[in-house]
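Below are the chains, spelled out letter by letter.
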Protein chains: 2
Amino acid sequence: MIISQNDIRTRFKAQGLKVTPQRAAIYKALAETTSHPTAEALFQQVAKDYPMISPNTVYYTLSTLKNVGLVKEVNYWHDRTRFDANVTPHHHLICLDCRAIFDIEDRSLNQIRQKAKIPKDFQVLSHQVEFYGYCSSCQKAQARQPSSSSRHSHIQSTRRKP
Amino acid sequence: MIISQNDIRTRFKAQGLKVTPQRAAIYKALAETTSHPTAEALFQQVAKDYPMISPNTVYYTLSTLKNVGLVKEVNYWHDRTRFDANVTPHHHLICLDCRAIFDIEDRSLNQIRQKAKIPKDFQVLSHQVEFYGYCSSCQKAQARQPSSSSRHSHIQSTRRKP
DNA sequence: ATCCTTGTTAGGAATCATTCTTATATAGCA
DNA sequence: TGCTATATAAGAATGATTCCTAACAAGGAT
Ligand SMILES: [Mn+2]
Ligand SMILES: [Mn+2]
Ligand SMILES: [Zn+2]
Ligand SMILES: [Zn+2]
């Protein structure tokens, strides 16, 4: 999903943010992927065009964008933090093997709050549904190699928490 | 909810785990609270009875118990990892202010998987619903002090990620 | 009851994602 | 074209978790 510099400019201005090349590049990279990348992955991506960018800038920028509501943090299944520029309410599929995160487009899941039996003294503002299982790639890989795992494409799982 | 040494022994044996005092104490502490504590909190609790216990043992033990299915990890809203000895499918309320985690007992939430529109090539094994908002304590605190936050009981949020 | 084997524990060091600090640079406005 | 508040970059610091290793101790076997 391509996003124009003008859209980026408009969104930043609307939030009172300066439009810098690094910030625009980070947001663009995040907005144009569906992979819910880590800060590190975004750093790698943006560094292709801005070799001098620092990881720090990516962290700072993501934090800023989060504060103004242009970005959401996602941190499922004890992985490092992952980010999403899709800030409309939606839900996720998480692969237990490769840890890929996929969007679900099912508006009906946005309604469960109305029916759920929630203690009346808790004020609910939002909710989130996550489905855990195996993506199609990982199912195939397991059929072939019914032992360990996580050896194919997607986002890679850089060790930590085996 | 009290749990007897015999229950603990039985559950450990059923999983082929040795029954050590430290391990039993950690599991007991977790099973008898509803607070979804951190490893650190469990360490503090167990250290009352076992002053020589190391944080390492708590991490190792929780990892072991998780591997055999006696404990679940919970890691909502970019906090450090929290643990739950309630391994039956259930869902959570998370306070955005004090970060307390409360169980929801609503079996109907266990059924949403059947109705949800999930890509047929993704094999779903489990799902999880989280509701975010403010607990009653925090609502009261905000009514009093409509500024910052997180200044009352519950589990405490030890800095990190303000 | 005692011995053995193997999983467990404790302590300390190491890892590494994230945050903090600070000096320099620059977007946006007068 | 300058001013000023923000943003960036580099490096150090933080802190939860993991790794490593030697000493311990359940629990089955003798
Ligand atoms: Mn998403
Ligand atoms: Mn729970
Ligand atoms: Zn997968
Ligand atoms: Zn609260």
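Keep in mind that this is a model prediction, so the values were computed, not measured.

1. Concerning the domain arrangement of chain A
All names here are of chain A. Structurally, chain A comprises domain 1 (5–74) and domain 2 (88–158). Centre-to-centre, using C-alpha coordinates, domain 1 lies 24 Å away from domain 2. Each partner contributes to the interface: domain 1 provides five residues, whereas domain 2 provides seven residues. Here domain 1 is connected to domain 2 by zero salt bridges. Put simply, domain 1 and domain 2 have three residue pairs in polar contact (both at pLDDT 80 or more) between them.

2. Some thoughts on the relation of the copies chain B and chain A
Overlaying chain B with chain A gives an RMSD of 0.1 Å, the required rotation being 180° about an axis along which the chain moves by 0.0 Å. Overall, the copies show the geometry of a two-fold rotation axis. Across chain B, the rotation axis passes nearest the C-alpha of Val129 of chain B, at a separation of 2.3 Å. Taken together, the interface assignments show that 100% of the residues at the interface of chain B recur at the interface of chain A, consistent with an identical surface on both copies.

3. With respect to the confidence of the model for chain A
When pLDDT is averaged across chain A, the result is 89; 89% of the residues are at 70 or more. Taken together, the stretch residues 149–162 of chain A has pLDDT below 50 and engages in 22 contacts with residues farther than four places along the chain or on a different chain.

4. Concerning the environment of Arg82 of chain B
Residues and elements named next belong to chain B. Topologically, Arg82 is positioned in strand S2 (residues 82–84). As for Arg82 and Phe102, which are separated by 20 residues in sequence, their C-alpha atoms are 12 Å apart. At 2.8 Å, the side chain of Arg82 and the backbone oxygen of His36 are in polar contact.

5. Comments concerning the coordination of the zinc ion (ligand 3)
Residue and element names in this part refer to chain A. The protein atoms that coordinate the zinc ion (ligand 3) are Cys95 (SG), Cys98 (SG), Cys135 (SG) and Cys138 (SG), at distances of 2.2 to 2.3 Å. If you look at the zinc ion (ligand 3), its four donor atoms make angles of 105 to 116° with each other, and the shape they trace is tetrahedral. When the donor residues of the zinc ion (ligand 3) are listed from N- to C-terminus, their spacing reads C-x2-C-x36-C-x2-C. Looking at Cys95, the relative accessible area reads 0%, which means it is buried. The class for Cys98 is buried, based on a relative accessible area of 6%.

6. Side note on the protein's contact with DNA strand C
Residues in contact with DNA strand C amount to 23 residues; listed here are only the nearest, Asn56 of chain A together with Thr20, Arg23, Asn56 and Thr57 of chain B. Counting only atoms of DNA strand C within 4 Å of the protein, the fraction found in sugar and phosphate groups is 73%. One of the side-chain nitrogen or oxygen atoms of Thr20 of chain B is found 2.5 Å away from a phosphate oxygen of DNA strand C. One nitrogen or oxygen atom from the side chain of Tyr60 of chain B is found 2.9 Å from a phosphate oxygen belonging to DNA strand C. Those elements that provide at least two residues to the surface near DNA strand C are helix H4 (55–67) of chain A together with helix H2 (21–31) and helix H4 (55–67) of chain B. Looking at the surface near DNA strand C element by element, the count peaks at four residues for H4 of chain B.

7. Here's the deal with the nonpolar core
Counting 32 residues, the largest nonpolar core has Ile118 and Phe131 of chain A together with Ile118 and Phe131 of chain B as the members making the most contacts within it. Residue assignment for this core shows that the elements contributing at least two residues are strand S3 (91–95) and strand S5 (123–134) of chain A together with strand S3 (91–95) and strand S5 (123–134) of chain B. Apart from residues no more than four positions distant in its own chain, Ile118 of chain A is found in contact with Arg113 and Val124 of chain A together with Leu93, Ile104 and Phe131 of chain B. Of all hydrophobic cores here, the second largest spans 23 residues; its members include Ile26, Leu65, Leu70 and Phe83 of chain B.

8. A look at the coordination of the manganese ion (ligand 2)
Residue and element names in this part refer to chain B. Bound to the manganese ion (ligand 2) are the protein donor atoms His36 (NE2), Asp84 (OD), His90 (NE2), His92 (NE2) and Asp103 (OD), situated 2.0 to 2.2 Å from the metal. Summarised as a motif, the one-chain spacing of the donors to the manganese ion (ligand 2) is H-x47-D-x5-H-x1-H-x10-D. Separated by 19 residues along the polypeptide, Asp84 in strand S2 and Asp103 in strand S4 (residues 101–104) bring together distant segments of the chain. Look at Asp84 and you get buried, because its relative accessible area is 5%. Residue Asp103 is classed as partly exposed on the basis of its relative accessible area, which comes to 29%.

9. What about the interface of chain B and chain A?
On the chain A side, the residues contacting the 37 residues of chain B number 38 residues. Of all residues in chain B, Phe122, Phe131 and Tyr132 of chain B bury the most surface against chain A, accounting for 18% of the area lost on that side. Between chain B and chain A we count two salt bridges in total. A salt bridge links Lys117 of chain B to Asp106 of chain A, with the nearest nitrogen and oxygen atoms 3.3 Å apart. Connecting chain B to chain A are 12 residue pairs in polar contact (both at pLDDT 80 or more). Every element with two or more residues in the side of chain B that touches chain A is listed here: S3, S4, helix H5 (112–115), S5 and helix H6 (136–144) of chain B. Element by element, the count of residues in the side of chain B that touches chain A is highest for S5 of chain B, at 12 residues. Among the residues making up the side of chain B that touches chain A, the classes are represented as 19 nonpolar, 10 polar and eight charged. Note: S5 of chain A against S5 of chain B, 11 bridges, orientation antiparallel. The residue bridging Tyr132 of chain A from the neighbouring strand is Ser126 of chain B, located in S5 of chain B.

About the cut-offs
- Residues numbered from 1 in each chain as written.
- Chains lettered and ligands numbered in written order.
- Predicted model: local features only at pLDDT ≥ 70, side-chain atom pairs only at ≥ 80, totals over all residues.
- Heavy atoms only, no water.
- Domains from an automatic or database assignment.
- Contact = heavy atoms within 4.5 Å.
- Salt bridge = Lys/Arg side-chain N within 4 Å of Asp/Glu carboxyl O.
- Polar contact = N/O pair within 3.5 Å; in protein donor to acceptor, adjacent residues only side chain to side chain.
- Least-squares fit on C-alpha atoms with pLDDT ≥ 70 in both.
- pLDDT = per-residue confidence, 0-100.
- Helix = DSSP H or I, 4+ residues; strand = E, 2+ residues; numbered from the N terminus.
- Donors = N, O, S within 2.8 Å, 3.2 Å for Na, K, Ca; no water.
- Tetrahedral: all angles 85-135°; square planar, octahedral: opposite > 155°, others 65-115°.
- Buried < 20%, exposed > 50% of the residue type's maximum accessible area, 1.4 Å probe, protein only.
- Near = heavy atom within 4 Å.
- Core = buried A, V, L, I, M, F, W, Y, C linked by side-chain atoms within 4.5 Å.
- Buried area = accessible area lost by both parts, 1.4 Å probe.
- Nonpolar A, V, L, I, M, F, W, Y, C, P; charged D, E, K, R; others polar.
- Pairing = 2+ DSSP bridges.

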